[in-house]
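Secondary and tertiary structure notes
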Number of protein chains: 2
Amino acid sequence: MSARRPSDELHPWEIRESVLDLELLAQRESVFALSNGHIGLRGTFDEGEPHGLPGTYLNGVYETRPLPYAEAGYGFPEDGQTVVNVTNGKVIRLLVDDEPFDIRYGDLLSHRRVLDMRAGTLEREAEWRSPAGQAVRVRSVRLVSLVQRSVAAVLWEVEPLDGPARIVVQSELVANEVQPESPSMDPRAAAALRAPLVNEFAGALEERVTLVHRTRVSGLLVGAAMDHAVEGPDGTATHSEVEDDLGRVTVVTDLREGSTLRLEKFLAYGWSAERSLPAVRDQVEAALVEARHAGWDELLASQRETLDDFWAGADVELDGDLEIQQAVRFGIFHTMQAGARAERRAIPAKGLTGPGYDGHAFWDTETFVLPLLTYSLPHAAAAALNWRHSTLPLARERARTLNLGGAAMPWRTIAGEECSAYWPAGTAAFHVSADVADAVIRYVHVTDDRDFEREAGIELLVETARLWHSLGHHDPGGGFRIDGVTGPDEYSAVSDNNIYTNLMAQRNLLGAAEAAERHPERARELGVDDEEVAAWVYAAREVRIPYDERLGVHEQSDEFTRHQEWDFEATVDHYPLLLHFPYFQLYRKQVLKQPDLVLAMHLRGDAFTDEQKLRNFDYYERRTVRDSSLSACTQAVMAAEVGYVELAYDYLAEAALVDLDDLNSNTRDGVHIASLAGSWIACVAGLGGMRDHDGHLSFAPRLPGDLSRLAFRLCLHGSRLVVEVGHEQASYELHSGGPLEVSHHGRPFVLEPGSPVTLPVPPAPGRERPAQPPGREPRSRQGDARRSGAG
Amino acid sequence: MSARRPSDELHPWEIRESVLDLELLAQRESVFALSNGHIGLRGTFDEGEPHGLPGTYLNGVYETRPLPYAEAGYGFPEDGQTVVNVTNGKVIRLLVDDEPFDIRYGDLLSHRRVLDMRAGTLEREAEWRSPAGQAVRVRSVRLVSLVQRSVAAVLWEVEPLDGPARIVVQSELVANEVQPESPSMDPRAAAALRAPLVNEFAGALEERVTLVHRTRVSGLLVGAAMDHAVEGPDGTATHSEVEDDLGRVTVVTDLREGSTLRLEKFLAYGWSAERSLPAVRDQVEAALVEARHAGWDELLASQRETLDDFWAGADVELDGDLEIQQAVRFGIFHTMQAGARAERRAIPAKGLTGPGYDGHAFWDTETFVLPLLTYSLPHAAAAALNWRHSTLPLARERARTLNLGGAAMPWRTIAGEECSAYWPAGTAAFHVSADVADAVIRYVHVTDDRDFEREAGIELLVETARLWHSLGHHDPGGGFRIDGVTGPDEYSAVSDNNIYTNLMAQRNLLGAAEAAERHPERARELGVDDEEVAAWVYAAREVRIPYDERLGVHEQSDEFTRHQEWDFEATVDHYPLLLHFPYFQLYRKQVLKQPDLVLAMHLRGDAFTDEQKLRNFDYYERRTVRDSSLSACTQAVMAAEVGYVELAYDYLAEAALVDLDDLNSNTRDGVHIASLAGSWIACVAGLGGMRDHDGHLSFAPRLPGDLSRLAFRLCLHGSRLVVEVGHEQASYELHSGGPLEVSHHGRPFVLEPGSPVTLPVPPAPGRERPAQPPGREPRSRQGDARRSGAG
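Residues numbered from 1 in each chain as written. Chains lettered and ligands numbered in written order. Predicted model: local features only at pLDDT ≥ 70, side-chain atom pairs only at ≥ 80, totals over all residues. Heavy atoms only, no water.

Quick notes on unusual backbone geometry
Let me state the cut-off plainly: Secondary structure elements are taken from DSSP: a helix is a run of H or I of four residues or more, a strand is a run of E of two residues or more, and numbering for both begins at the N terminus. Each residue is assigned to one of three classes by its accessible area relative to the maximum for its type, calculated with a 1.4 Å probe on protein chains only: buried under 20%, partly exposed between the two thresholds, exposed over 50%.
A cis amide bond links Glu 49 of chain A with the next residue in sequence, Pro 50 of chain A, at an omega value of -5°. Positive phi, normally seen in glycine, also occurs at Glu 343 of chain B, with a value near 45°. Here Glu 343 of chain B shows up in the loop between helix H4 (322-339) and helix H5 (364-376). We classify Glu 343 of chain B as partly exposed; its relative accessible area is 32%. Even without a glycine there, the phi angle at Asp 694 of chain B is positive, about 50°. Along the chain, Asp 694 of chain B falls in the loop between helix H18 (673-687) and strand S27 (697-699). Residue class for Asp 694 of chain B comes out exposed when judged on its relative accessible area of 59%.

Let's talk about the sheet that holds strand S14 (residues 197-205) of chain B
All names here are of chain B. Applicable threshold: Strands qualify as paired when DSSP identifies two bridges or more between them. To define axes, lines are fitted to C-alpha atoms, for helices over the stretch in contact only, and angles between the resulting N-to-C directions are given on a 0 to 180 degree scale. In this description, contact between two residues means that some pair of their heavy atoms is separated by no more than 4.5 Å.
Spatially, nine strands are ordered S1-S9-S10-S11-S12-S19-S16-S15-S14 in an open sheet, and the strand pairing comes out antiparallel. Of all the strands in the sheet, just strand S1 (14-17) and S14 have a single pairing partner and so form its edges. Pairs of neighbouring strands in the sheet enclose a mean axial angle of 15°, with direction left out of account. When strand S12 (residues 151-160) meets strand S19 (residues 261-272), the two strands line up antiparallel, connected through eight bridges. Paired with Glu 157 across the bridge in S19 is Arg 262. The sheet contacts of helix H3 (residues 277-314) involve strand S9 (107-116), strand S10 (121-129), strand S11 (135-144), S12, S14, strand S15 (208-215), strand S16 (221-231) and S19, and relative to S19 the element is tilted by about 135°. Each of S1 and S9 is contacted by H4, which is oriented at about 105° to S1, the strand it contacts most.

Let's talk about the sheet that holds strand S3 (residues 39-41) of chain B
Read across the sheet, three strands follow the order S2-S3-S4 (chain B) without closing on themselves; strand pairing throughout is antiparallel. Two strands close off the open sheet at either side, each with one partner strand: strand S2 (34-35) and strand S4 (56-58) of chain B.

Brief notes about the interface of chain A and chain B
Accessible area lost during the coming together of the parts is what is often quoted as the interface size. Quick reminder of the rule: A 1.4 Å probe defines the accessible area here, and the buried area is the portion of it lost by two parts on being joined, summed over both. When a carboxyl oxygen of Asp or Glu is within 4 Å of a side-chain nitrogen of Lys or Arg, the pair counts as a salt bridge. Two N or O atoms count as a polar contact when they lie within 3.5 Å, although within protein this holds only if one can serve as hydrogen donor and the other as acceptor, and sequence-adjacent residues are included solely when both atoms are side-chain atoms. Charged residues are taken to be Asp, Glu, Lys and Arg, nonpolar residues to be Ala, Val, Leu, Ile, Met, Phe, Trp, Tyr, Cys and Pro, and polar residues to be all remaining types, Gly included.
Listed as interface residues are 49 residues of chain A and, on the opposing side, 50 residues of chain B. Around 4,300 Å² of area is buried between chain A and chain B when both sides are counted, 54% of it from carbon and sulfur atoms. Run the count over chain A and chain B and you get six salt bridges. The residue Arg 562 of chain B makes a salt bridge to Asp 475 of chain A at a minimum N-O spacing of 3.9 Å. The interface formed by chain A and chain B contains 24 residue pairs in polar contact (both at pLDDT 80 or more). Secondary structure elements with two or more residues in the side of chain A that touches chain B: helix H2 (187-194), helix H9 (450-471) and helix H13 (583-587) of chain A. Take the side of chain A that touches chain B: its biggest share by element is four residues, from H13 of chain A. Residue composition of the side of chain A that touches chain B, grouped by class: 24 nonpolar, twelve polar and 13 charged.

Regarding the nonpolar core
Rule in force here: Among buried residues, the Ala, Val, Leu, Ile, Met, Phe, Trp, Tyr and Cys ones that are joined through side-chain atoms within 4.5 Å form a nonpolar core.
Of all hydrophobic cores here, the largest spans 420 residues; its most connected members are Leu 714 and Leu 721 of chain A together with Leu 714 and Leu 721 of chain B. In contact with Leu 714 of chain A, not counting residues within four places along its chain, are Gly 313, Tyr 375, Trp 680, Val 684, Met 690, Leu 697, Phe 699, Ser 719, Arg 720 and Leu 721 of chain A.

Concerning the environment of Ser 276 of chain A
Residue and element names in this part refer to chain A. With respect to the helices and strands, the residue Ser 276 is situated in the loop between strand S19 (261-272) and helix H3 (277-314). Judged by relative accessible area, which is 40%, Ser 276 ranks as partly exposed. Along the primary structure Ser 276 and Val 174 are separated by 102 residues, whereas in three dimensions their C-alpha atoms are 22 Å apart.

Points about the pairing of strand S15 (residues 208-215) of chain A
All names here are of chain A. S15 sits mainly inside the fold: seven of its eight residues count as buried. Both strand S14 (residues 197-205) and S15 contribute to a ladder of eight bridges, which runs antiparallel. Bridge pairing links Ala 202 to Leu 211 in S15. As consecutive antiparallel partners, S14 and S15 are separated by two residues, and within that stretch Glu 206 has a phi angle of approximately 50°, a positive value. One ladder, built from six bridges, connects S15 with strand S16 (residues 221-231); its direction is antiparallel. Each residue of the ladder has a partner; that of Val 209, found in S16, is Met 226.

So, the relation of the copies chain A and chain B
Stated precisely, the cut-off is as follows: We superpose the copies by least squares over the C-alpha atoms of residues that have a pLDDT of at least 70 in both of them.
If you rotate chain A by 180° and push it 0.0 Å along the axis, it lands on chain B with an RMSD of 0.0 Å. These values place the two chain copies in the arrangement generated by a two-fold rotation axis.

Things to note about the packing of aromatic side chains
What characterises a pair of aromatic rings is the spacing of the ring centres plus the angle enclosed by the ring planes. Let me state the cut-off plainly: Two rings from Phe, Tyr or Trp (for Trp, the six-membered ring) form a pair when their centres sit within 6.5 Å of each other. Planes less than 30 degrees apart are called stacked, planes more than 60 degrees apart edge-to-face, and all others tilted. In this scheme, the term charge over a ring applies when either NZ of a lysine or CZ of an arginine sits within 6 Å of the ring centre and within 35 degrees of the ring normal.
Taken as a whole, this structure holds 46 aromatic pairs over all chains when the rule is applied. Seen from their ring centres, Tyr 69 of chain A and Phe 76 of chain A are 5.0 Å apart, and the 55° between their planes marks the pair as tilted. Summarising the burial analysis for this pair, Tyr 69 of chain A and Phe 76 of chain A share the class buried. Three or more aromatic residues link up through ring pairs in this structure, and these residues are Tyr 69, Phe 76 and Trp 423 of chain A together with Tyr 422, Tyr 583 and Tyr 587 of chain B. Its end group placed over the ring of Tyr 619 of chain B, Arg 623 of chain B keeps NZ or CZ at 3.7 Å from the ring centre.

See below:
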């Protein structure tokens, strides 16, 4: 766990870096990454070096690599997909009086970076004196356009500070950048990724350069182009050149003190698995024309306008704790960046901020990311679900391979094919299919988007319902069992009747039945008949829910509570456990990596009584080590529901600070989009107590001591609901549409637009918080809130 | 399933090949392999080609190769061990009038091979006419000495049949033979094995050549040497030469019709991980001197003498079915070959007959091979157990890695290190440790070898008991649970309270307690105190045995009988299932690869009532597909016990014919030692009904209709018990020692040496045999017995 950031870096709308630490370069590159969900640029310096882990990503561009098995089995995927670092267009090198601008040499007089979450920009300003004694100020502002999906741009300026300087600037496109290799990777896989791009076209015209490459094995065409508007004193000259893996525009000028060389660099990216080389080249060059046509100022203005709009519907305000206010907005911002323009591509676990998890998307997207997008940026949620819909042919094929009906969503993938090489914590985690269905059901309830439901939603529901129907069976007593699968908790695997899986399958089966009823014609097209619907409903009704009468708690899966207890006292210095203990020991004992049953109590809270929730939470809280970053937000939600509001806030803080404070020491590989989105969930579903079972909205807000006010917004059926929570009361205001039935702490009421309703917040029950495994208590936030700052 | 062999190949003591089929070369190389447990020579032709899969093995000589994982986990073994094809000393090439003797060219006038199981030799005789028209008779007899452990020898003769011939013979040692590569192997592993031997020494002196190589990564020194006695007409000349990977002695002569060139080729092998190059060289050259000193005739005579001795204590006679008589002796012979002189090295699953399973030893050795050796060649059983004892430091280290106490025996290994790369069907199959303990307990009961028990046996029992004590735990009701492990059935994995595992662990825990009581001082040395013994006994007493009250059958493991039934009708064309269905489907349904609970009913028959055995057998029989060659013998044993004697005989035949008829189409990779040993078990424990729980011998013999008589021998406490079974009665005779308490069909009696006891065999119950999964019924033997033959 790294040190907390200095107070002067706290700001409600900006992520600031006031001190440069070369050890943290890679982590900061992730934090400062810019993305629109289509293009992702890690926050490397314009001058390219020093760097931590350089990275430029295009959503959906991957290389294929062999998945090795010492002992293979039927149905093990043969090929993996790994995100590749595409052509880097961020590079703007500077030579000052023949000295390369490199902050590792000479004197860095000042250095400051700001990620502005309202502007959607990364700013950087450095004052540097070269070893030869020439001081310059370099300033850049970078953006990845939320409006022009294929475009990124950099405003770059240099100014001599003490006397004239000879300046050479090299603005580049670099393909097949040399990258640090992961020591844990199989050497054949590493080799496959070493220089994944094969040049297909390279051309330069005035200040424009275009490079088109093809990925070696997966065969995707990737185009990158740059153009420039250069403003400098008379005599400023430019020329361009191009090689297979390098495009370069060189600007040379002499600057007096106080004069400035200004570069607007426009970047365009495009790729295709289908289109021809000329088509891809034209596409990026056209995007570039559009970008230059708009110009830097217009790109900047439209970026802010888009974000103003976004924040109006998505902002969460936490008064009284500037650090968490900043962190929660950071979480919302990165989630928006990951999903805004993904447009029928996956939203990976790291967004486009780093190569972690090979760039794969998991169930995290539907379960943790889509709730935020559904309530804040619904078209992005629809796009993500449409991506899943587009992968149905692959998911059906996978189900056939597995001897199952319907469609089996992949555990991890970029393009839709299953890429998981360890099936007990991959293929067996079938719940991903129910998580997709849950996201479909939520999206349709929240947006009332019947077109989506008819065109894509129902097919996702029907095919996943068919999966569950073939995966489970009725035992002699009639109970519907789902045996030998893995739930969310990755310290358990391949067990019978995992409650989370069973309850989510139940929702899936009923959701499919309801969708078929709403769209009978479409259902017929999909081959659904009454008998099939009846079978789904029967299976859903009889789903087995294991419960331990002796302890009065639910079993995460059959027999779980009879398994041996983990000896937490003996392993207090051995977190994360998976690096110190074999799976077989983790699987067979009562130790949880992350909430499983407790997540079921959030998403399927309608299936538990209050008493059960409290007893279950206490039981599993003692056994959950939070070795997954998907833990804290769910624990926040359920802690809040059962009455531990301060504990909920501790977990909220952990979810929100995961990357800013690098809590898991792996932010270098990319930010944790699901945990960041989870900080929104922790605010809205945790402190706000929001639930949306069967489309019915309910709230049970309660504030921790450190906060004076919480406010959040939800987009609903094209309207907007604003919830404001204080210690004594909460108010609800609908901005349009309606009327809307909601409930507050169990009390139903109707909201009309323009007529806010204010209701008292009942006092929290005086419960002593339960214990966690020794050494895994969350950092306590009580009295720790940081109220002042630079904001 | 290949065709049955022609009748003229049946013989009670010989395996005959009367027709040469080039498609079957590799399978026949396994069948005709010779071994003494230290050296293994596949049955390739003297002239080297054509060949199927050339192979020469030295027990314990392996190469290390990386085990690749696409997703690795803590405790996954990093390195594998693979048996390597060492220097081939079998090669004797022949040139007849400048034409190489190769049966693929010219005319093969006659060809005959015989594996003589009393002589311990492989004979071959070929009459061949070269493309140029010169006919010769080539005859060879090959043996791997059971007396001189490091020695093999070949008597080789050539004689022209029609007119004089110019003859050149090249007798060779060939290292790094080019081998067909397995297409399924990871390319890095294949590369590691392509030329595993690095030359360290090569020398020739007269007709003697010595080569010493080192394995590239594992660093083992391997010495091979040959010497020759040549007898030919005047003018016969020899010379020798040597290269890094080739030693050659060339004999040149002119033969008249009717005259013969005779070569006695002596081979010596030795290897060491510790000793120096000069020491290894000296060792093989000394062995060679000893072999030449004895000479061919003496080697041949001592081989037969050793085998006469062996058969006197090990033979099983089945009158009335020559095919099975031959096959059972073949099984006993290969089991003897695998174990006779293994001497503190593992007995691999394929013996030294092929590279299958990488040359690894599994639990098969203790469970299927050692019963035969214990009752027939007890010093070989002791040597195998002493090998396990020598690996205890590695097994303790493995247990520590797995966070367990005591010692965890490897699932598969050559040198003792765990080499299993798929833990659910590897490391999780902890029963291997109890199987070792069971073999120790049996060996001590049968031999009364207290020295072994004190020196090695007790330590094996104590360390494996400690493993179980740390692996299980007492649940709140006191029951001792062993969760998350894999039993023998590899179509189930990682389940709770596998009955086989629990019952074998129980025997292990009690066996350790009893050994500690018998050897209190030694137990103290091992750190055993009264409390530890009490804990073992308590755990053993409380071991959980899952039982389904509803069905009245035991559950293979918790919840097994509630799992979904396999749809056998739909998969009738998809055997073996593991090549057509993913593990996750196999694991979660009621389908068995091989007996598990049914094996427990054999080995721990004392834990079940007769009624339970019958109900359980019928239940599991319908769900067992016998995709493992370890199935049939156990099904034979339990079918016989519960009253299905004809079914038992069908299974006996399947176990015995596995390699002669290549029933699993993989004999090319080596014979199935455990199934072959299992055919002995099927005779003795199946038809003979022999059990030895707690050292008490009992019998319940019963013959199938096709047999008129069964006789078998058991070595007991240095004495010999002969059992003769007819349809009406059975007789028991003790040759020395005694008195011995035994029982016959539940009736106890005392045997005195020289006073045979004859008792009536009660009629079999008239039960209809249970069904097997469709398509997996055993080949019915009834009326199919082959009574005549060449014998």
